[in-house]
Amino acid sequence: MLSQGKNIKIFTGNSHPKLAKEIADALKVQVGDSQVSTFSDGEISVNINQTVRGTDLFIVQSTNAPVNDNLMELLIMIDAFKRASAGRITAVMPYYGYARQDRKAKARDPITAKLVADLLTAAGADRVLTMDLHASQIQGYFDIPVDHLLGAPILAKYFVEKGFDEREDIVVVSPDLGSVTRARKFADKLHAPIAIIDKRRPKANVSEVMNIIGDIKDKTVILVDDMIDTAGTITNGANALVKMGAKEVFACCTHAVLSGPAIERIDKSVIKELVMLNTIDLPDDKNLDKFKVLSVAPVFAEAIKRIYEYSSVSEIFED
(Lines give C-alpha, C1' and ligand atoms only; values in the text may rest on other atoms or scores of the structure.)
Protein backbone atom coordinates (compact mmCIF):
# COMPACT_ATOMS: atom_id res chain seq x y z
CA MET A 1 0.00 0.00 0.00
CA LEU A 2 2.91 2.34 0.77
CA SER A 3 5.28 3.16 -2.05
CA GLN A 4 7.80 5.69 -0.78
CA GLY A 5 11.36 4.63 0.01
CA LYS A 6 11.75 5.89 3.59
CA ASN A 7 10.47 3.59 6.35
CA ILE A 8 7.13 4.32 8.02
CA LYS A 9 6.34 3.37 11.61
CA ILE A 10 3.12 3.60 13.64
CA PHE A 11 3.39 3.86 17.43
CA THR A 12 0.74 4.28 20.09
CA GLY A 13 0.34 5.42 23.67
CA ASN A 14 -2.22 4.00 26.08
CA SER A 15 -5.23 6.13 25.12
CA HIS A 16 -6.46 4.11 22.12
CA PRO A 17 -4.24 1.15 21.10
CA LYS A 18 -7.18 -0.55 19.33
CA LEU A 19 -7.49 2.32 16.87
CA ALA A 20 -3.72 2.37 16.30
CA LYS A 21 -3.88 -1.36 15.48
CA GLU A 22 -6.75 -0.78 13.02
CA ILE A 23 -4.82 2.02 11.31
CA ALA A 24 -1.65 -0.09 11.11
CA ASP A 25 -3.61 -3.05 9.69
CA ALA A 26 -5.14 -0.80 7.02
CA LEU A 27 -1.62 0.35 6.05
CA LYS A 28 -0.32 -3.25 6.19
CA VAL A 29 2.36 -2.39 8.76
CA GLN A 30 2.95 -3.43 12.36
CA VAL A 31 2.41 -1.21 15.40
CA GLY A 32 5.85 -0.24 16.67
CA ASP A 33 7.41 -1.95 19.67
CA SER A 34 7.29 0.48 22.57
CA GLN A 35 6.06 0.52 26.14
CA VAL A 36 4.50 3.43 28.03
CA SER A 37 4.21 2.82 31.77
CA THR A 38 4.50 4.73 35.04
CA PHE A 39 6.90 4.76 37.94
CA SER A 40 5.52 4.22 41.44
CA ASP A 41 5.11 7.97 41.95
CA GLY A 42 3.07 8.35 38.75
CA GLU A 43 5.81 9.68 36.45
CA ILE A 44 5.50 8.41 32.89
CA SER A 45 8.18 6.10 31.50
CA VAL A 46 8.66 5.47 27.75
CA ASN A 47 10.73 2.61 26.37
CA ILE A 48 11.36 2.29 22.61
CA ASN A 49 12.43 -1.25 21.75
CA GLN A 50 13.40 -0.80 18.09
CA THR A 51 15.36 1.63 15.97
CA VAL A 52 13.47 4.61 14.56
CA ARG A 53 16.43 6.49 13.06
CA GLY A 54 15.39 8.38 9.92
CA THR A 55 11.85 6.97 9.86
CA ASP A 56 8.59 8.74 9.02
CA LEU A 57 6.93 8.21 12.37
CA PHE A 58 3.26 8.55 13.39
CA ILE A 59 2.16 8.47 17.06
CA VAL A 60 -1.55 7.67 17.52
CA GLN A 61 -2.81 9.18 20.77
CA SER A 62 -6.16 10.81 21.61
CA THR A 63 -5.98 13.22 24.53
CA ASN A 64 -9.25 12.23 26.18
CA ALA A 65 -9.74 11.28 29.84
CA PRO A 66 -7.48 11.01 31.71
CA VAL A 67 -6.59 14.06 29.64
CA ASN A 68 -3.42 15.14 31.41
CA ASP A 69 -1.95 11.61 31.53
CA ASN A 70 -2.63 11.02 27.84
CA LEU A 71 -1.25 14.43 26.87
CA MET A 72 1.93 13.90 28.89
CA GLU A 73 2.34 10.43 27.36
CA LEU A 74 2.18 11.99 23.90
CA LEU A 75 4.64 14.78 24.73
CA ILE A 76 7.16 12.40 26.31
CA MET A 77 6.86 9.95 23.39
CA ILE A 78 7.50 12.76 20.90
CA ASP A 79 10.57 13.84 22.88
CA ALA A 80 11.85 10.25 23.09
CA PHE A 81 11.47 9.67 19.35
CA LYS A 82 13.07 13.03 18.54
CA ARG A 83 16.08 12.12 20.66
CA ALA A 84 16.18 8.72 18.92
CA SER A 85 16.68 10.54 15.58
CA ALA A 86 13.29 9.89 13.97
CA GLY A 87 13.15 11.59 10.58
CA ARG A 88 9.72 13.22 10.87
CA ILE A 89 7.22 12.91 13.74
CA THR A 90 3.48 13.34 13.19
CA ALA A 91 1.21 13.48 16.24
CA VAL A 92 -1.97 11.67 15.19
CA MET A 93 -4.62 13.01 17.58
CA PRO A 94 -8.08 11.72 16.61
CA TYR A 95 -9.43 13.72 19.58
CA TYR A 96 -7.64 16.95 20.56
CA GLY A 97 -8.17 17.60 24.27
CA TYR A 98 -8.51 21.14 25.67
CA ALA A 99 -9.97 22.30 22.32
CA ARG A 100 -12.94 23.90 24.08
CA GLN A 101 -10.62 26.38 25.77
CA ASP A 102 -9.88 28.14 22.50
CA ARG A 103 -10.52 31.79 23.45
CA LYS A 104 -10.99 34.14 26.39
CA ALA A 105 -14.70 33.81 27.11
CA LYS A 106 -14.32 36.01 30.18
CA ALA A 107 -11.62 38.04 31.89
CA ARG A 108 -8.48 36.14 32.98
CA ASP A 109 -9.38 32.92 31.10
CA PRO A 110 -6.48 30.83 29.78
CA ILE A 111 -6.36 29.83 26.11
CA THR A 112 -5.31 26.26 26.81
CA ALA A 113 -5.78 25.00 23.25
CA LYS A 114 -2.92 27.34 22.25
CA LEU A 115 -0.80 26.16 25.17
CA VAL A 116 -1.22 22.53 24.07
CA ALA A 117 -0.23 23.51 20.52
CA ASP A 118 2.92 25.16 21.87
CA LEU A 119 3.74 22.11 24.00
CA LEU A 120 3.42 19.74 21.03
CA THR A 121 5.70 21.93 18.95
CA ALA A 122 8.24 22.35 21.78
CA ALA A 123 8.29 18.57 22.36
CA GLY A 124 9.40 18.08 18.74
CA ALA A 125 6.31 17.28 16.65
CA ASP A 126 6.77 18.15 12.98
CA ARG A 127 3.11 17.78 12.02
CA VAL A 128 -0.32 17.18 13.59
CA LEU A 129 -3.10 15.05 12.14
CA THR A 130 -6.46 15.44 13.90
CA MET A 131 -10.22 15.33 13.34
CA ASP A 132 -13.04 17.81 13.98
CA LEU A 133 -11.36 20.37 16.21
CA HIS A 134 -13.97 22.03 18.42
CA ALA A 135 -12.93 25.34 16.86
CA SER A 136 -11.27 25.17 13.44
CA GLN A 137 -9.18 28.28 14.15
CA ILE A 138 -7.06 26.14 16.50
CA GLN A 139 -5.14 25.16 13.36
CA GLY A 140 -3.75 28.69 13.41
CA TYR A 141 -2.30 28.18 16.89
CA PHE A 142 0.39 25.94 15.38
CA ASP A 143 3.59 26.96 13.60
CA ILE A 144 3.77 23.47 12.06
CA PRO A 145 1.43 21.88 9.45
CA VAL A 146 -1.96 20.66 10.72
CA ASP A 147 -4.12 18.27 8.72
CA HIS A 148 -7.74 18.61 9.86
CA LEU A 149 -9.97 15.66 8.92
CA LEU A 150 -13.77 15.80 9.01
CA GLY A 151 -16.05 13.29 10.70
CA ALA A 152 -19.34 14.43 9.11
CA PRO A 153 -18.81 12.63 5.76
CA ILE A 154 -18.35 9.31 7.58
CA LEU A 155 -21.50 9.89 9.66
CA ALA A 156 -23.51 11.09 6.64
CA LYS A 157 -22.50 8.01 4.64
CA TYR A 158 -24.04 5.80 7.34
CA PHE A 159 -27.41 7.55 7.00
CA VAL A 160 -27.20 7.54 3.19
CA GLU A 161 -26.67 3.78 3.27
CA LYS A 162 -29.86 3.52 5.38
CA GLY A 163 -31.77 5.43 2.68
CA PHE A 164 -32.27 8.69 4.58
CA ASP A 165 -31.21 10.69 1.53
CA GLU A 166 -34.28 9.40 -0.34
CA ARG A 167 -36.80 10.37 2.35
CA GLU A 168 -38.80 13.59 2.29
CA ASP A 169 -39.31 13.85 6.07
CA ILE A 170 -35.66 14.29 7.14
CA VAL A 171 -34.41 17.48 8.82
CA VAL A 172 -30.85 17.93 10.02
CA VAL A 173 -30.67 19.93 13.25
CA SER A 174 -27.76 21.95 14.62
CA PRO A 175 -27.73 21.84 18.45
CA ASP A 176 -26.48 25.44 18.59
CA LEU A 177 -25.59 28.39 16.40
CA GLY A 178 -21.90 27.44 16.36
CA SER A 179 -22.55 24.11 14.63
CA VAL A 180 -24.64 25.46 11.72
CA THR A 181 -21.88 25.07 9.11
CA ARG A 182 -21.31 21.43 10.12
CA ALA A 183 -25.06 20.72 10.02
CA ARG A 184 -25.44 22.36 6.60
CA LYS A 185 -22.64 20.27 5.08
CA PHE A 186 -24.16 17.15 6.62
CA ALA A 187 -27.62 18.09 5.29
CA ASP A 188 -26.22 18.57 1.78
CA LYS A 189 -25.21 14.90 1.74
CA LEU A 190 -28.78 13.88 2.59
CA HIS A 191 -30.46 16.54 0.39
CA ALA A 192 -32.31 17.69 3.51
CA PRO A 193 -33.19 21.09 5.07
CA ILE A 194 -31.74 22.20 8.39
CA ALA A 195 -33.10 23.58 11.64
CA ILE A 196 -31.28 25.25 14.54
CA ILE A 197 -31.72 24.98 18.29
CA ASP A 198 -31.40 28.37 19.97
CA LYS A 199 -30.09 27.73 23.46
CA ARG A 200 -28.33 29.47 26.31
CA ARG A 201 -25.69 28.05 28.63
CA PRO A 202 -26.02 29.49 32.17
CA LYS A 203 -22.92 27.57 33.30
CA ALA A 204 -20.48 24.90 32.08
CA ASN A 205 -22.07 21.58 31.02
CA VAL A 206 -25.59 23.05 31.45
CA SER A 207 -27.75 24.19 28.54
CA GLU A 208 -31.35 25.39 28.20
CA VAL A 209 -33.31 25.27 24.93
CA MET A 210 -34.93 28.60 24.15
CA ASN A 211 -36.37 28.14 20.65
CA ILE A 212 -36.28 26.00 17.49
CA ILE A 213 -35.52 27.81 14.23
CA GLY A 214 -36.96 25.82 11.34
CA ASP A 215 -39.77 23.36 10.60
CA ILE A 216 -39.45 20.05 12.49
CA LYS A 217 -43.14 19.17 12.99
CA ASP A 218 -43.86 15.53 12.01
CA LYS A 219 -40.26 15.19 10.80
CA THR A 220 -37.52 12.67 11.51
CA VAL A 221 -34.63 14.78 12.76
CA ILE A 222 -30.89 14.11 12.97
CA LEU A 223 -28.97 16.11 15.56
CA VAL A 224 -25.35 16.67 14.45
CA ASP A 225 -22.60 17.76 16.85
CA ASP A 226 -18.82 17.54 17.01
CA MET A 227 -18.71 16.09 20.54
CA ILE A 228 -20.97 14.80 23.29
CA ASP A 229 -19.56 15.25 26.79
CA THR A 230 -22.14 15.01 29.60
CA ALA A 231 -24.94 14.70 26.98
CA GLY A 232 -26.99 17.51 28.54
CA THR A 233 -27.11 19.57 25.33
CA ILE A 234 -27.98 16.69 23.02
CA THR A 235 -30.64 15.11 25.27
CA ASN A 236 -32.28 18.44 26.18
CA GLY A 237 -32.34 19.31 22.48
CA ALA A 238 -33.83 15.94 21.53
CA ASN A 239 -36.53 16.18 24.18
CA ALA A 240 -37.41 19.74 23.10
CA LEU A 241 -37.65 18.65 19.45
CA VAL A 242 -40.14 15.91 20.31
CA LYS A 243 -42.21 18.26 22.47
CA MET A 244 -42.35 20.68 19.54
CA GLY A 245 -43.63 18.04 17.14
CA ALA A 246 -40.70 15.98 15.80
CA LYS A 247 -41.64 12.40 14.93
CA GLU A 248 -38.37 10.73 16.00
CA VAL A 249 -34.83 11.81 16.80
CA PHE A 250 -31.47 10.40 15.75
CA ALA A 251 -28.18 11.92 16.87
CA CYS A 252 -24.59 11.69 15.76
CA CYS A 253 -21.21 13.04 16.82
CA THR A 254 -17.52 12.69 16.04
CA HIS A 255 -16.16 12.59 19.60
CA ALA A 256 -18.02 10.53 22.21
CA VAL A 257 -16.47 11.93 25.39
CA LEU A 258 -19.44 10.58 27.42
CA SER A 259 -18.35 11.76 30.86
CA GLY A 260 -20.36 11.70 34.08
CA PRO A 261 -24.06 10.88 33.56
CA ALA A 262 -23.87 10.93 29.74
CA ILE A 263 -24.69 7.28 28.98
CA GLU A 264 -27.56 7.18 31.49
CA ARG A 265 -29.00 10.43 30.08
CA ILE A 266 -28.90 9.10 26.52
CA ASP A 267 -30.50 5.79 27.55
CA LYS A 268 -33.38 7.68 29.20
CA SER A 269 -33.78 10.22 26.39
CA VAL A 270 -36.02 10.12 23.31
CA ILE A 271 -33.00 9.60 21.05
CA LYS A 272 -33.63 6.49 18.96
CA GLU A 273 -29.99 5.91 17.98
CA LEU A 274 -26.71 7.72 18.62
CA VAL A 275 -24.12 7.27 15.88
CA MET A 276 -20.55 8.12 16.83
CA LEU A 277 -16.98 7.68 15.65
CA ASN A 278 -14.29 5.82 17.58
CA THR A 279 -11.88 8.74 18.00
CA ILE A 280 -12.13 7.95 21.73
CA ASP A 281 -11.96 4.42 23.13
CA LEU A 282 -15.36 3.52 24.54
CA PRO A 283 -15.71 1.45 27.74
CA ASP A 284 -16.67 -2.20 27.22
CA ASP A 285 -18.55 -2.47 30.50
CA LYS A 286 -21.29 0.05 29.69
CA ASN A 287 -24.77 -0.49 28.26
CA LEU A 288 -24.43 0.83 24.72
CA ASP A 289 -27.62 -0.54 23.16
CA LYS A 290 -28.56 2.84 21.61
CA PHE A 291 -25.07 3.43 20.26
CA LYS A 292 -23.66 2.73 16.81
CA VAL A 293 -19.88 3.11 16.52
CA LEU A 294 -18.18 3.75 13.17
CA SER A 295 -14.42 3.46 12.69
CA VAL A 296 -12.20 6.36 11.61
CA ALA A 297 -9.28 3.99 10.95
CA PRO A 298 -9.72 3.89 7.12
CA VAL A 299 -9.76 7.70 6.89
CA PHE A 300 -6.75 8.16 9.17
CA ALA A 301 -4.87 5.39 7.34
CA GLU A 302 -5.54 7.11 4.01
CA ALA A 303 -4.42 10.48 5.44
CA ILE A 304 -1.23 8.93 6.85
CA LYS A 305 -0.54 7.29 3.47
CA ARG A 306 -0.94 10.64 1.71
CA ILE A 307 1.27 12.47 4.23
CA TYR A 308 3.90 9.75 3.85
CA GLU A 309 3.78 9.97 0.05
CA TYR A 310 3.62 13.80 0.00
CA SER A 311 0.25 13.86 -1.78
CA SER A 312 -2.90 15.88 -1.07
CA VAL A 313 -4.81 15.12 2.13
CA SER A 314 -7.70 17.46 1.26
CA GLU A 315 -8.72 15.24 -1.67
CA ILE A 316 -9.97 12.58 0.76
CA PHE A 317 -13.30 14.35 1.22
CA GLU A 318 -13.74 15.82 -2.24
CA ASP A 319 -16.67 14.33 -4.14
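Not measured: the values here are computed from a predicted model.

Enquirer: For this particular structure, what's the right way to read the packing of aromatic side chains?
Expert: For any two aromatic rings, the description comes down to two numbers: the centre-to-centre distance and the angle of the planes. Applying the stated rule across the entire model yields 7 aromatic pairs. Relative to Phe142, the ring of Tyr96 lies with its centre 6.1 Å away and its plane at 70°, an arrangement referred to as edge-to-face. One end of the pair, Tyr96, is in the loop between strand 5 (88-93) and helix 3 (112-123); the other, Phe142, is in the loop between strand 6 (127-131) and strand 7 (146-149), and 46 residues separate them in sequence. Taking relative accessible area as the criterion, Phe142 reaches 8% and is therefore assigned buried. Aromatic pair Phe159 and Phe186: ring centres 6.0 Å apart, planes at 70°, arrangement edge-to-face. Remark: Phe186 occurs in helix 5 (residues 180-190) and Phe159 occurs in helix 4 (residues 152-161); sequence separation between them is 27 residues. Across this residue pair, the class does not change: Phe159 and Phe186 are buried. Through pairs of rings, three or more aromatic residues link up here, namely Tyr158, Phe159, Phe164, Phe186 and Phe250. The aromatic ring of Phe164 is capped on one face by Arg167, whose charged end is 4.8 Å from the ring centroid.

Enquirer: I'm lost on the side chain of Asp132 in this one. Help?
Expert: Looking at the element boundaries, Asp132 is found in the loop between strand 6 and strand 7. There is a polar contact of 2.4 Å between the side chain of Asp132 and the side chain of Thr254. In this structure, Asp132 is in contact with His148, Leu149, Leu150, Gly151, Ala152, Thr254 and His255, ignoring residues within four places of it in sequence.

Enquirer: Mind showing me how you'd approach the sheet that holds strand 1 (residues 8-12) here?
Expert: Adjacent strands of a sheet pair through backbone hydrogen bonds, lying either parallel or antiparallel. Across the sheet, which stays open at both edges, the 5 strands sit in the order 1-4-5-6-7 with parallel pairing between neighbours. This sheet does not close on itself; its edge strands, each paired only once, are strand 1 and strand 7. Across the sheet, the mean angle from the axis of one strand to that of its neighbour is 20°, orientation sign disregarded.

Scoring rules and cut-offs
Residues numbered from 1 in each chain as written. Predicted model: local features only at pLDDT ≥ 70, side-chain atom pairs only at ≥ 80, totals over all residues. Heavy atoms only, no water. Phe/Tyr/Trp six-rings, centres within 6.5 Å; stacked < 30°, edge-to-face > 60°. Helix = DSSP H or I, 4+ residues; strand = E, 2+ residues; numbered from the N terminus. Buried < 20%, exposed > 50% of the residue type's maximum accessible area, 1.4 Å probe, protein only. Lys NZ or Arg CZ within 6 Å of the ring centre and 35° of its normal. Polar contact = N/O pair within 3.5 Å; in protein donor to acceptor, adjacent residues only side chain to side chain. Contact = heavy atoms within 4.5 Å. Pairing = 2+ DSSP bridges. Axes fitted to C-alpha atoms, helices over the stretch in contact; angles between N-to-C directions.

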